[in-house]
Amino acid sequence: MKILVTVSEVATVEDAFEIDGTTIADQYLGADLNEWDDYAVEEAVQLQEADLADEVVTVTIGPEDADQTIRQALAKGADRALRVWDDDLADVGLLDPGTKADLLAAVVDDEQPDLVLSGVQTGDDSFGATGVALADRVGYQWAAVVNHLEHEFADDTASVRRELEGGVEELTDVDLPAVLTIQTGINEPRYASLRGIRQAQRKPLEVQTLDDLGIEGVDSALALTEMYEPESETDVTVWEGGADDTAGDLASLLREKGVAQ
Amino acid sequence: MTDVLAIADHRRGKLRDVSYEIATAGRGLADDLGGDLHLVVISGTVDDFAAKLDRDGVDVVHTVSDGEEYNHDIYIQAIEQLTADIDPQYVLVPNSVNGLDYAPALAGRLERPIVTDTIGLESDGETLVATREMYGGKVETTVELEGPAVVTIRGAEWPKAEGTGDAEIRSFDVEIDDAALGSTVNGFEEVAGGDVDIADADVLVSVGRGIDEEENLEIIHDLADALDATVSSSRPIVDNGWLPKNRQVGQSGKVVTPDVYIAIGISGAVQHVAGMKGSETIVAINTDPNAPIMDIADYAIHDDLFDVVPALTEQFQ
Ligand SMILES: Cc1cc2nc3c(=O)[nH]c(=O)nc-3n(C[C@H](O)[C@H](O)[C@H](O)COP(=O)(O)OP(=O)(O)OC[C@H]3O[C@@H](n4cnc5c(N)ncnc54)[C@H](O)[C@@H]3O)c2cc1C
């Protein structure tokens with residue numbers, strides 16, 4: 001079985017930041033492997049270690065800077081990586097899930113994986129839609145918000161648990177090939193070993209342009225027109241001072257409310 | 001194309017609250033467009049559901065009786081056929097776990113763009129202006145999209161539609177292609193059981209990723225003991241296996257409404273807030289003054305939990 005894992009590099013924001021037009025000013029932004037994708041990579045690597053998968057390939061939409069994040073996924077055990085990028089993409093502001101799915105669909109067409117693992121969402125734009133949109137485009141089955149995958153694929157199906165609201169899980173069988181969007185907590189993502197990090201440097205990381213994928217131009221359906229800090233819904237009382245002072249203020253409030261009496 | 005079609009959400013025989021909220025969101029957009037609001041409820045006891053969904057502002061409730069529980073292929077086929085019939089400008093879907101399981105594929109089938117997890121919507125008939133958060137709620141944005149679209153709406157953002165309406169209830173016949181059903185639901189399981197029910201607690205000392213290491217949880221337990229309170233947490237603490245699932249507050253955990261909720265090193269992501277927003281008094285201890293939890297807190301300490309928590313425990317010893 002061949003597994004394709006979608007790996008995103010997400011933007012992280014420092015505690016104190018400033019907004020510059022419709023983006024957060026560059027100096028307050030960092031980058032990281034998307035939390036949900038970390039679990040997806042781990043699941044794929046575990047399937048490989050259990051001899052259920054023979055190849056784990058990652059795919060990322062992103063510029064060259066994303067290579068450091070891609071190498072993290074390779075260091076954790078993926079075999080090789082693809083990165084989709086093009087100058088045309090740099091000019092598109094906010095990539096909408098449909099456009100991301102179009103790009104990934106072209107990669108799925110080339111790679112023909114049996115299973116695609118994607119994160120439930122990305123931590124920055126949080127659309128939570130790309131994996132399922134991809135499944136539809138390539139004619140695969142799918143399941144969203146999977147927090148357990150049976151490591152056994154009888155009759156070409158995957159048995160999963162979908163995490164619904166309120167502590168309820170749905171037990172579902174999904175025909176393969178399929179796209180599963182992976183929820184945090186499904187496993188315990190490993191830290192890359194030093195050996196893994198060294199090996200990752202030598203693993204193939206191939207860049208594909210729109211031309212390579214046979215896609216003519218991209219255009220996001222979404223235009224980001226404003227960004228601002230949300231207004232507070234409450235009239236928050238902020239206690240100032242050192243920890244002893246603020247703890248004292250909170251203790252008074254708690255006593256007033258009859259706590260621990 | 002001036003109509004709006006909104007999809008109801010139900011599970012195991014009950015309509016979920018978002019089904020009434022989406023009626024309000026849908027009415028707002030239909031008013032913007034000068035059109036009708038159609039709801040559709042698919043699978044299960046649809047006649048009973050339809051009677052409940054007939055609230056103020058709803059023009060038509062369509063029922064599709066195929067299927068018992070949610071199955072994405074039935075939903076998609078039904079909505080695709082209904083959309084071809086009534087040609088709505090916008091198809092609204094709840095941003096629930098099931099909504100996110102079918103809306104993106106539905107958008108693909110309808111060849112429409114999708115925008116998800118919206119918290120505000122306006123349209124002039126052609127351009128949809130949607131408000132949504134980014135970066136875990138640190139900022140809000142507006143995004144615009146042109147023409148017909150599929151839109152998912154966040155729960156608990158719009159008020160529920162109330163009253164009894166005079167909607168027309170129409171049974172809609174769908175031709176389901178059984179060959180296209182590629183998944184089977186075999187059952188459900190409740191997973192957050194156990195000895196402690198955090199929903200019963202009057203005071204919750206709730207810990208998040210700011211605690212950093214499992215061994216640091218000791219200061220949280222010490223505080224809870226001193227306050228005679230119960231320990232709960234955000235999701236990452238449970239994902240890491242540091243606390244059992246029955247301690248998790250939020251969308252996929254428990255909904256709690258204690259007298260006092262002390263959020264320690266918790267950022268206040270929407271899925272967490274969904275489980276504790278109804279608490280009577282919310283106190284946040286967080287180094288980040290911009291953390292979204294501050295937007296719903298009543299009292300806040302912008303400081304390091306490793307300083308504040310032990311100092312607070314001491315006050316009660
Ligand atoms: C489908 C779905 C369902 C979900 N269900 C749930 C759910 O039920 N419950 C839930 O909680 N989440 C849920 N989540 C996850 C949610 O999106 C967030 O990822 C999660 O709530 C973040 O937890 P956190 O606030 O503890 O961590 P973070 O967001 O990482 O926040 C940590 C906070 O700690 C602060 N901090 C760090 N160090 C210190 C210090 N020394 N002193 C004081 N403060 C400090 C930081 O400033 C930050 O605000 C769900 C997500 C999805 C997609």
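- The name recorded for chain B in an unreviewed UniProt entry is Electron transfer flavoprotein subunit alpha/FixB family protein, from Natrialba swarupiae.
- UniProt annotates chain B under Sequence similarities (unreviewed entry) with the comment "Belongs to the ETF alpha-subunit/FixB family."

- Under an unreviewed UniProt entry, the name given to chain A is Electron transfer flavoprotein subunit beta/FixA family protein, and the source organism is Natrialba swarupiae.

## Side note on the pattern of salt bridges
Here comes step 1: According to the stated counting rule, one finds 32 salt bridges over all chains in the structure shown.
Here comes step 2: One salt bridge in this structure joins Arg-190 of chain A and Glu-49 of chain A, with 2.7 Å as the shortest N-O distance. Taken together, the residues Arg-190 of chain A in the loop between strand S12 (178–182) and helix H6 (194–202) and Glu-49 of chain A in helix H1 (residues 35–49) connect sequence positions 141 residues apart.
Here comes step 3: Owing to a relative accessible area of 25%, Arg-190 of chain A belongs among the partly exposed residues under this scheme.
Here comes step 4: Ionic pairing is found between Arg-154 of chain B and Asp-117 of chain B, a salt bridge with its closest N-O pair at 2.9 Å. Here Arg-154 of chain B is found in the loop between strand S11 (149–153) and strand S12 (168–171), whereas its partner Asp-117 of chain B is found in strand S7 (residues 114–118), with 37 residues between them in sequence.
Here comes step 5: Residue classification places Arg-154 of chain B among the buried positions, given a relative accessible area of 7%.
Here comes step 6: In the salt-bridge network here, residues are joined through shared partners; they are Lys-2, Glu-55, Arg-80 and Glu-111 of chain A.

## Things to note about the side chain of Thr-69 of chain A
Here comes step 1: Tracing the chain through its elements places Thr-69 of chain A in helix H2 (residues 67–75).
Here comes step 2: The buried category is assigned to Thr-69 of chain A, whose relative accessible area is 3%.

## Concerning the packing of aromatic side chains
Here comes step 1: Per the counting criterion, the structure on display carries 4 aromatic pairs over all chains.
Here comes step 2: Ring geometry for Trp-239 of chain A and Tyr-299 of chain B: centres 4.9 Å apart, planes at 15 degrees, overall stacked. Remark: Tyr-299 of chain B occurs in strand S18 (residues 299–301) and Trp-239 of chain A occurs in strand S15 (residues 237–239); the pair is interchain, linking two chains.
Here comes step 3: Among the aromatic residues, ring-to-ring pairing joins Tyr-70, Tyr-75 and Tyr-102 of chain B into one connected group.
Here comes step 4: Looking at Arg-55 of chain B, its charged tip hangs above the ring of Tyr-20 of chain B, at a distance of 3.7 Å from the centre.

## With respect to the site of the ligand
Here comes step 1: Near the ligand you find 30 residues, and of these Ser-234, Ser-252, Ser-267, Gln-271 and Asn-286 of chain B are the closest.
Here comes step 2: More than one chain approaches the ligand, the contributing ones being chains A and B.
Here comes step 3: Here a nitrogen atom of the ligand and a side-chain polar atom of Asp-304 of chain B are 3.1 Å apart.
Here comes step 4: Measuring from a nitrogen atom of the ligand, one finds a backbone N or O atom of Leu-305 of chain B at 2.8 Å.
Here comes step 5: Look at the ligand: alone it shows 980 Å² of surface, and the protein chains cover 86% of it.
Here comes step 6: Contributions of two or more residues to the shell around the ligand are made by helix H6 (235–239), helix H7 (270–273) and helix H8 (305–315) of chain B.
Here comes step 7: Here the shell around the ligand is built from residues that sort into 9 nonpolar, 16 polar and 5 charged.

## Concerning the environment of Ser-159 of chain A
Residue and element names in this part refer to chain A.
Here comes step 1: Its location among the elements puts Ser-159 in strand S10 (residues 157–163).
Here comes step 2: Classification of Ser-159 by relative accessible area gives partly exposed; the value is 24%.
Here comes step 3: Between the C-alpha atom of Ser-159 and that of Leu-171, which follows or precedes it by 12 residues, the distance is 7.4 Å.
Here comes step 4: Ignoring sequence-local partners within four residues, the contact set of Ser-159 consists of His-148, Leu-149, Glu-150, Thr-172 and Asp-173.
Here comes step 5: At a separation of 2.8 Å, a polar atom in the side chain of Ser-159 contacts the side chain of Asp-173.

## Focus: the packing of helix H5 (residues 217–227) of chain B against H8 of chain B
Residue and element names in this part refer to chain B.
Here comes step 1: It is at 9 Å that the axes of H5 and H8 come closest, and there the two elements cross at 30 degrees. On the basis of the axis angle, H5 is roughly parallel to H8. H8 is crossed by H5, and the crossing has left-handed handedness. Contact with H5, carried on its side by Ile-219, Asp-222, Leu-223 and Ala-226, involves Leu-305, Phe-306, Val-309, Leu-312 and Thr-313 of H8 and no other residues of that element.
Here comes step 2: Its residues placed into classes, the contact of H5 with H8 shows 7 nonpolar, 1 polar and 1 charged.

## Details of the interface of chain B and chain A
Interfaces are often sized by the amount of accessible area the parts lose when they come together.
Here comes step 1: Chain B puts 85 residues into the contact, and the matching count from chain A is 82 residues.
Here comes step 2: Buried surface at the junction of chain B and chain A, both sides included, amounts to about 7,000 Å², of which 54% is carbon and sulfur.
Here comes step 3: Linking chain B to chain A there are 9 salt bridges.
Here comes step 4: The partner of Glu-163 of chain A in a salt bridge is Lys-245 of chain B, and the shortest N-O contact between them spans 3.6 Å.
Here comes step 5: Where chain B packs against chain A, one counts 42 residue pairs in polar contact (both at pLDDT 80 or more).
Here comes step 6: If you tally residues by element for the side of chain B that touches chain A, the top one is strand S13 (residues 183–190) of chain B, at 8 residues.
Here comes step 7: A class-by-class count of the residues in the side of chain B that touches chain A yields 37 nonpolar, 25 polar and 23 charged.

## A closer look at the UniProt feature "domain: Electron transfer flavoprotein alpha/beta-subunit N-terminal" (unreviewed entry) in chain B
Here comes step 1: Under the UniProt annotation, the feature "domain: Electron transfer flavoprotein alpha/beta-subunit N-terminal" (unreviewed entry) is placed at residues 4–185 of chain B.
Here comes step 2: Overall, residues 4–185 of chain B shows 28% helix and 34% strand. The separation of its end C-alpha atoms is 30 Å.

## Overview of the sheet that holds S15 of chain A
Here comes step 1: If you trace the 6 strands from one edge of the open sheet to the other, you get S15(A)-S18(B)-S17(B)-S16(B)-S14(B)-S15(B), paired in parallel fashion. The open sheet is flanked by S15 of chain A together with strand S15 (230–233) of chain B, the only strands paired with a single partner. The mean angle between the axes of side-by-side strands here comes to 20 degrees, regardless of whether they run parallel or antiparallel.
Here comes step 2: Pairing between S15 of chain A and S18 of chain B: 3 bridges, direction parallel. Across the sheet, residue Val-238 of chain A finds its bridge partner in S18 of chain B, namely Ala-300 of chain B.

## Section: H2 of chain A
Here comes step 1: Among the residues making up H2 of chain A, those that are buried are Asp-67, Thr-69, Ile-70, Ala-73, Leu-74 and Ala-75 of chain A.
Here comes step 2: Positive backbone phi, approximately 130 degrees, marks Gly-77 of chain A, located one or two places after H2 of chain A.

Analysis parameters
Residues numbered from 1 in each chain as written. Chains lettered and ligands numbered in written order. Predicted model: local features only at pLDDT ≥ 70, side-chain atom pairs only at ≥ 80, totals over all residues. Heavy atoms only, no water. UniProt positions renumbered as here; feature names shortened; annotations may be inferred. Salt bridge = Lys/Arg side-chain N within 4 Å of Asp/Glu carboxyl O. Helix = DSSP H or I, 4+ residues; strand = E, 2+ residues; numbered from the N terminus. Buried < 20%, exposed > 50% of the residue type's maximum accessible area, 1.4 Å probe, protein only. Phe/Tyr/Trp six-rings, centres within 6.5 Å; stacked < 30°, edge-to-face > 60°. Lys NZ or Arg CZ within 6 Å of the ring centre and 35° of its normal. Near = heavy atom within 4 Å. Polar contact = N/O pair within 3.5 Å; in protein donor to acceptor, adjacent residues only side chain to side chain. Areas by Shrake-Rupley, 256 points an atom, 1.4 Å probe, with all protein chains shown as cover. Nonpolar A, V, L, I, M, F, W, Y, C, P; charged D, E, K, R; others polar. Contact = heavy atoms within 4.5 Å. Axes fitted to C-alpha atoms, helices over the stretch in contact; angles between N-to-C directions. Parallel < 35°, antiparallel > 145°, perpendicular 65-115°, else oblique. Left-handed = near helix turned anticlockwise from the far one by under 90°. Buried area = accessible area lost by both parts, 1.4 Å probe. Pairing = 2+ DSSP bridges.

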